[in-house]
Every structure is written in structure tokens, then in C-alpha cells.
Amino acid sequence: MATGRTHRPATRSRGIPEATVARLPLYLRALTALSERSVPTVSSEELAAAAGVNSAKLRKDFSYLGSYGTRGVGYDVEYLVYQISRELGLTQDWPVVIVGIGNLGAALANYGGFASRGFRVAALIDADPEMAGKPVAGIPVQHTDELEKIIDENGVSIGVIATPAGAAQQVCERLVAAGVTSILNFAPTVLNVPDGVDVRKVDLSIELQILAFHEQRKAGEEIAEAAEAAEAAEAARAGTARDPRKGPDGDMPAVMPA
């Protein structure tokens, strides 16, 4: 079985834009759902709606894959699943290590979606000596002293950091020195990495703060609308709302327009 160390995706060499790469997993998720329902073909409009993008953008993205669909028929679902999976490197085995087995790390270890998407959790690593040997999701936790050996023996090129913020940079540096070239960072801090190392950051608190901003804005709009409605109602009760049939002084015009 090929490992992540010896085979890497060809997206960069083929000139696929990063924005397109970021949307490929969305298409794959939608296509996988269609495949599970035994849907043979899908139009660009239907797939774009399922993925949450517009159809013109979808067709442009697929043109980078060399897939243009068939007029009047659409795209072959199974073939697109294969194409995108191959482009993302999901047709091979990607061993992953998770460092930091607290509540979040344990939840990630128990996530069942890794294996079905081409990722194998090769090891769970934690700095707490009392965690060593304890099984999480059926995998015994290993101490951070073994980190370099684990990465070398399993050919790991993807590391997941779920440690506290204060430990994340040191863990990152050890991962990189051991040969890891891609990192998924759940720690609430920015990691400094050398050129050639890719970092994707997942910060749940930032996402919640963005949602809070939108909620506050919506609440402000609702308050403003309620205030306007209250003013209009008060004006009507006070008799200050002017009848559109009346003149500027409040009297009916002497001659009504025909």
C-alpha cells in the first residue's frame, strides 16, 4: 500500500488554483451522497446547488480536471468521484498522527470519517505519561518521546495538532523536523513553519465569533425595524400621519385631479 510519504497529489504541478482545490472536497461530498443513492448522472446545476456554489464556477473548476460533462446528460457521478478522489490523493493510504489526546484529540480519534476518505490514524500521541498505553478509539496512546520514531516507521507526512496553544509550536517543529510536511492545526495559535510545509488551521472559536457578528447585525436590523414601526404607529395615533389626498396644509385640495 502506498503511503503519504512517497506519493503526493498532483494539483500544484497541474496548475489547479487553490480556490478550486478548496472546493473539490465539497463536490466530492455531494457526489458521494449521490453515489450512495445510486444516481448515475447529475447536471452541473444540480451538483452546484448540492455543493453550495454556482454552476458556472463548478464548470470552470471541472475544466481543470479535464471533465466537461455531456450536453443533455450531465456528469457521470462515479467517474467524477474517481477523478476528484484521485486529484485529492484519496486513492491511496494517508497515515496520520494526532498529537494531543485531550477531549478534542479523543473526539478526532473517534471520528469515523477518516478511514472512508483515505486517511488512516497511524498513531495517537500525548505528553502525559499517564495516558501512555491507554486505548482511545481502539488505538493505544503513545508518549511524545516516541514521536520521531512513530513518524519514521509509519511514513507519516500529515500531522494533526490538538494540543494546548502553548505546546503547539514546539510540537509543530518536531513534526516538521521528523519529516511531516502537512499539518492540520486545531490549537488556538498561529504556527510558524518553513517553506514547503502546508498548514490548515481550524479554530472553532473564530468561527463562532463570526457567527456572533452576523447575529448581532441581524438583531440590530430587527431593533431598527421595530423602532421605525413603533414611530409610524405613534404618529398614526397622534394624527400626524398625513392623508395623501390632503394638501400641504392638511386641507383637501379645492380641485381633485381627474
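A.B. asks: How would you explain the overall build of the protein chain if you had to name every residue and give the values?
C.D. replies: Scanning the protein chain from N- to C-terminus turns up 9 helices and 9 strands. Here the protein chain, with 258 residues, has 35% of them falling under the buried criterion. The contacts in the protein chain between residues at least 6 apart in sequence include a share of 58% that link residues at least 24 apart. For the protein chain, the exposed area adds up to about 15,600 Å²; of that, 55% sits on carbon and sulfur atoms.

A.B. asks: So what's going on with the pattern of salt bridges? Residues and values would help.
C.D. replies: Pairing between side chains of opposite charge can happen when their charged atoms approach one another. Scanning the entire structure with this criterion turns up 7 salt bridges. When the shortest N-O distance is used, the salt bridge between Glu45 and Arg59 registers 3.7 Å. Of the two residues, Glu45 is situated in helix α2 (residues 44–51) and Arg59 in helix α3 (residues 55–63); the sequence distance between them amounts to 14 residues. Close ionic contact of Glu215 with Lys218 constitutes a salt bridge, the shortest N to O distance being 2.7 Å. One end of the pair, Glu215, and the other, Lys218, are both in helix α9 (residues 204–238), 3 residues apart, so they sit about a helical turn from each other. By relative accessible area, which is 41% here, Lys218 ends up partly exposed.

A.B. asks: Explain α3 to me, and be specific about the residues and the numbers.
C.D. replies: Since the α-helix packs 3.6 residues into each turn, any two residues three or four apart lie on the same face. Considered for burial, the residues of α3 that qualify are Ser55, Leu58, Asp61 and Phe62. All buried residues of α3 project into a common sector of 120° when viewed along the axis, lining one side. The N-cap of α3, judged by a side-chain oxygen 3.2 Å from the amide nitrogen of Ala56 a few residues on, is Asn54.

A.B. asks: Got a sec to walk through the nonpolar core? Specific residues and values, please.
C.D. replies: Core analysis: the biggest nonpolar cluster contains 23 residues, and Tyr27, Leu31, Val42, Leu47, Leu58, Phe62 and Ile84 have the highest contact counts within it. For this core, the secondary-structure elements that each account for two or more residues are α1 (18–36), α2, α3 and α4 (77–87). Considering every element that reaches this core, the biggest residue donor is α1, with 7 residues. With near-sequence residues (within four places) excluded, Val42 lies in contact with Leu31, Leu34, Leu47, Gly74, Tyr75 and Val77.

Criteria and thresholds
- Residues numbered from 1 in each chain as written.
- Predicted model: local features only at pLDDT ≥ 70, side-chain atom pairs only at ≥ 80, totals over all residues.
- Heavy atoms only, no water.
- Helix = DSSP H or I, 4+ residues; strand = E, 2+ residues; numbered from the N terminus.
- Buried < 20%, exposed > 50% of the residue type's maximum accessible area, 1.4 Å probe, protein only.
- Contact = heavy atoms within 4.5 Å.
- Areas by Shrake-Rupley, 256 points an atom, 1.4 Å probe, with all protein chains shown as cover.
- Salt bridge = Lys/Arg side-chain N within 4 Å of Asp/Glu carboxyl O.
- Arc of directions from axis to C-beta.
- Polar contact = N/O pair within 3.5 Å; in protein donor to acceptor, adjacent residues only side chain to side chain.
- Core = buried A, V, L, I, M, F, W, Y, C linked by side-chain atoms within 4.5 Å.

Any functional reading would require information beyond the geometric quantities listed.
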